[in-house]
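Spelled out, the chains give:
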Amino acid sequence: MAKVVVLGAGISGHTAISYLRKDLSKEHEVVIVSPNSNYQWVPSNIWIGIGRMKPNQTTFPLAPLYKKKGIKYIQAKAVSFHPEGDSEINKGYILAEYVIGDKKGQTIKVDYDFLINATGPKLNFEATEGLRPGKNKTLSVCTYDHAMHAWNDFDALIQRMKKGESVKILIGTGHAKATCQGAAFEYIMNVEQELNRHKVRDKATVTWISNEYELGDFGIDGVTVKMNGDLVPSKDLIEMVFEDRGIKSITKAGVYKIEDGNAFYETLNGEYKTESFDFGMLIPSFSGHGFKAFDKNGGDITEKLFKGFMIVDADYTPRPYKEWTVQDWPETYQNPSYPNIFAPGIAFAPPHTISKPRTSKNGTAIFPAPPRTGMPSGITAKLVADNIIEMINNGNNKLHHLGSMGNMGAACIASTGYGFLKGRGVTITTNPIVPDYKKYPETGRLLSKTIGDLGLAGHWVKLTLHYAFLYKAKMKPFWWLIPE
Ligand SMILES: Cc1cc2nc3c(=O)[nH]c(=O)nc-3n(C[C@H](O)[C@H](O)[C@H](O)COP(=O)(O)OP(=O)(O)OC[C@H]3O[C@@H](n4cnc5c(N)ncnc54)[C@H](O)[C@@H]3O)c2cc1C
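These figures come from a predicted structure and were not determined experimentally.

Engineer: Looking at this model, I keep getting lost on the overall build of the protein chain. Mind explaining?
Structural biologist: On a plain count of helices and strands, the protein chain comes out with 10 helices and 28 strands. Relative to its length of 484 residues, the protein chain is compact, with a C-alpha radius of gyration of 22 Å against a globular reference of 23 Å. Overall, the protein chain is about 65 × 50 × 45 Å in size when its C-alpha atoms are taken along their principal axes. Within the protein chain, contacts between residues separated by at least 24 positions form 68% of all contacts whose residues are at least 6 apart in sequence.

Take a look at the structure:
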């Protein structure tokens, strides 16, 4: 009998535990340790943030589902890793702290034969002075409660505009090395659409601010897409969309401080500037959770497991940008020091960024961190689960299931308005996510699978994905037929 422990019931961890439970026989124990009581389909937070969905449409409680499926659920957060065990436990365990109920604050040792760390990112608001959801006129859509708060404030802003007030809206990245530009892009498009719907568009200046070198970088160094037979760089596509919507933009900007309605930022050419706003949604930097790891004797071995995020089978050798290759990216998400530990989704440490690193004249690094969106988070979780299942069933250590962001595709479908007939979407598919200039010298990507589209179809796809992925997450009949 084997025991598999998954940390984190987000997109990645929930995917992994679902496949583990489905494909491992009942003699094997599967356990999930996560502080959240609800599953949330994060991509739909955008619609909560504009008042078009309620949190109960994008979330569901985890405890009843896990009970029904025979998955042990410990509502706690991992605090430290002990991959060699200790004098009491002769195998790896994690120390977790209960976050709810009578045991709140108490710790528990959860031992395992295999461990999947799917704890995603820490939303590192503290890395930017004054950036806190609900403070200093800044909001967030990174969680469903943040998004609900954003909607309350956005709604109040709309009411002020209806009374004749003119306002400034600022949306983008709130840190020099933030990622997730796609989510901010989707939110700015939806906000702009809602202003039109409420007939107050003329009362608002809407501005995009980001650490991208140019528009459309999205943390993947931009992408050239095939669109109606033409090759269109994402920069041109996003510029066209912003121009069409009257959205201003500030790029090459590293936001370092927020004060009541003022964003202070440094530009790549070394200038320090300020942008004022009445409503700001700025994505924070994402970091690792700051976990510590200890050996059998209590010695600190954090550097064997973590480099901010968890160390996996990537090539972390520091090299200049022009020497980066797709082979640097991990394929199994297995920790090299402890082969029974894996980290799919956002929890793994990337070998480097995808966008070109750039430094300001003052020496500040201003460029996007690499995104790990929902699709690769789900795919990497499934392949990790499949490898563990094979290792348990076949009693060997062979990893047959591989998937690198250098040979995996992703679809970014940004809804740009809500409604069956009035919704629109900007669809960008990219394959691979990390450009491979050796294989595809022209643009770094396979053009037949790197496509752009603008229109109602993208919105419908996004809405369909909302329902399909919630169906899958609820493990309803034949859920596994829906791909990641
Ligand atoms: C607003 C927004 C919109 C987005 N839109 C899209 C989109 O349209 N398409 C797309 O592909 N991607 C989108 N993304 C990205 C997508 O949400 C992420 O790629 C995905 O959530 C990453 O999955 P994950 O499981 O690695 O991390 P998460 O989903 O963040 O899950 C991490 C889990 O770990 C838990 N956890 C945290 N700390 C601990 C701990 N100490 N111990 C145990 N558990 C812990 C958390 O509670 C959480 O359940 C969006 C992201 C945001 C913020």
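Moving on, there is more to tell.
Engineer: Before we go on, may I ask you to explain the pairing of strand β7 (residues 93-98) in this structure?
Structural biologist: Consecutive residues of a regular strand have side chains that alternate between opposite faces of the sheet. Relative to β7, strand β6 (residues 76-82) is paired through six bridges, and the arrangement is antiparallel. Opposite K77, over in β7, you have E97 as the bridge partner. Pairing of β7 with strand β8 (residues 107-111) involves five bridges; the strand directions are antiparallel. The residue of β8 that forms the bridge with I94 is V110.

Engineer: Help me out: how do you make sense of the site of the ligand in this one?
Structural biologist: What surrounds the ligand is a group of 33 residues, the closest being G8, G10, G120, G345 and G374. Secondary-structure elements contributing two or more residues to the shell around the ligand are α1 (11-23), α2 (45-48), β6 and α9 (374-394).

Engineer: What's the story with the sheet that holds strand β22 (residues 292-293) in this structure? I'm lost.
Structural biologist: What holds strands together in a sheet is hydrogen bonding between their backbones, with the strands either parallel or antiparallel. Taken together, four strands build an open sheet; the order of strands is β8-β7-β6-β22 and the sheet is mixed. With partners counted over all chains shown, the strands left at the sheet margins are β8 and β22, one partner each.

Engineer: How do you make sense of the sheet that holds strand β12 (residues 167-173) when you look at a structure like this?
Structural biologist: Within the open sheet, the five strands sit side by side as β11-β20-β12-β13-β16. Their pairing is parallel. At either end of the open sheet lies a strand with only one pairing partner, and these are β11 (138-139) and β16 (248-250). Pairing of β12 with strand β20 (residues 279-283) involves five bridges; the strand directions are parallel. Bridge pairing in β20 places L170 opposite G280. In the packing of helix α6 (residues 181-197) onto the sheet, the strands contacted are β12, β13 (204-209) and β20, and the crossing angle to β12 comes to about 160°.

Engineer: It is not clear to me how the pairing of strand β27 (residues 425-430) should be interpreted in this structure. Could you clarify?
Structural biologist: A large share of β27 lies buried, amounting to five of its six residues. When β27 meets strand β28 (residues 452-455), the two strands line up antiparallel, connected through four bridges. Bridge pairing links I428 to G452 in β28.

Engineer: How should I be thinking about the nonpolar core in this particular structure?
Structural biologist: It is characteristic of soluble globular proteins that their nonpolar side chains tend to be buried jointly. Counting residues in hydrophobic clusters, the biggest one holds 134 residues, and the most contacted among them are V5, A16, V33 and I188. Excluding residues within four positions of it along the chain, A16 makes contact with V6, I116, A118, P344, A381, V384 and A385.

Engineer: Looking at this structure, I do not really get the environment of L402. What am I missing?
Structural biologist: Its location among the elements puts L402 in the loop between α9 and β26 (410-415). The spacing of L402 and D386 is 16 residues in sequence and 9.9 Å in space, taken between C-alpha atoms. Not counting residues up to four positions away in its chain, the partners in contact with L402 are E331, T332 and L383.

Engineer: Just to check I follow, could you spell out the packing of α1 against α9 for this structure?
Structural biologist: When two helices pack together, their arrangement is given by the angle between the helix axes and by the axis-to-axis distance. Their axes nearest at 8 Å, the elements α1 and α9 cross at an angle of 35°. Between α1 and α9 lies a crossing of right-handed hand. Across the interface between the two elements, I11, S12, G13, T15, A16, Y19, L20 and D23 from α1 touch G374, S377, G378, T380, A381, K382, V384, A385, D386, I388 and I389 from α9. For the contact of α1 with α9, the per-class residue count stands at nine nonpolar, seven polar and three charged.

Engineer: Mind showing me how you'd approach helix α5 (residues 144-162) here?
Structural biologist: In an α-helix, one turn spans 3.6 residues; hence positions three or four apart end up facing the same way. The end-to-end C-alpha separation of α5 is 27 Å, in line with the 27 Å expected for 19 residues at 1.5 Å each. Among the residues of α5, those classed as buried are Y144, A147, A150, W151, F154, L157, I158 and M161. The arc that holds the buried residues of α5, viewed along the axis, is 130°, so those residues lie on one side. Facing away from the buried side of α5 by more than 90 degrees, the exposed set consists of A156 and Q159. Phi turns positive, to about 110°, at G164, one or two residues after α5.

Criteria and cut-off values
Residues numbered from 1 in each chain as written. Predicted model: local features only at pLDDT ≥ 70, side-chain atom pairs only at ≥ 80, totals over all residues. Helix = DSSP H or I, 4+ residues; strand = E, 2+ residues; numbered from the N terminus. Rg over C-alpha atoms; globule rule 2.2 N^0.38 Å. Contact = placed C-beta atoms within 7 Å. Pairing = 2+ DSSP bridges. Near = placed C-beta within 6 Å. Axes fitted to C-alpha atoms, helices over the stretch in contact; angles between N-to-C directions. Buried ≥ 20, exposed ≤ 12 C-beta atoms within 10 Å, placed from the backbone. Core = buried A, V, L, I, M, F, W, Y, C linked by C-beta atoms within 7 Å. Left-handed = near helix turned anticlockwise from the far one by under 90°. Nonpolar A, V, L, I, M, F, W, Y, C, P; charged D, E, K, R; others polar. Expected span 1.5 Å × (residues − 1). Arc of directions from axis to C-beta.

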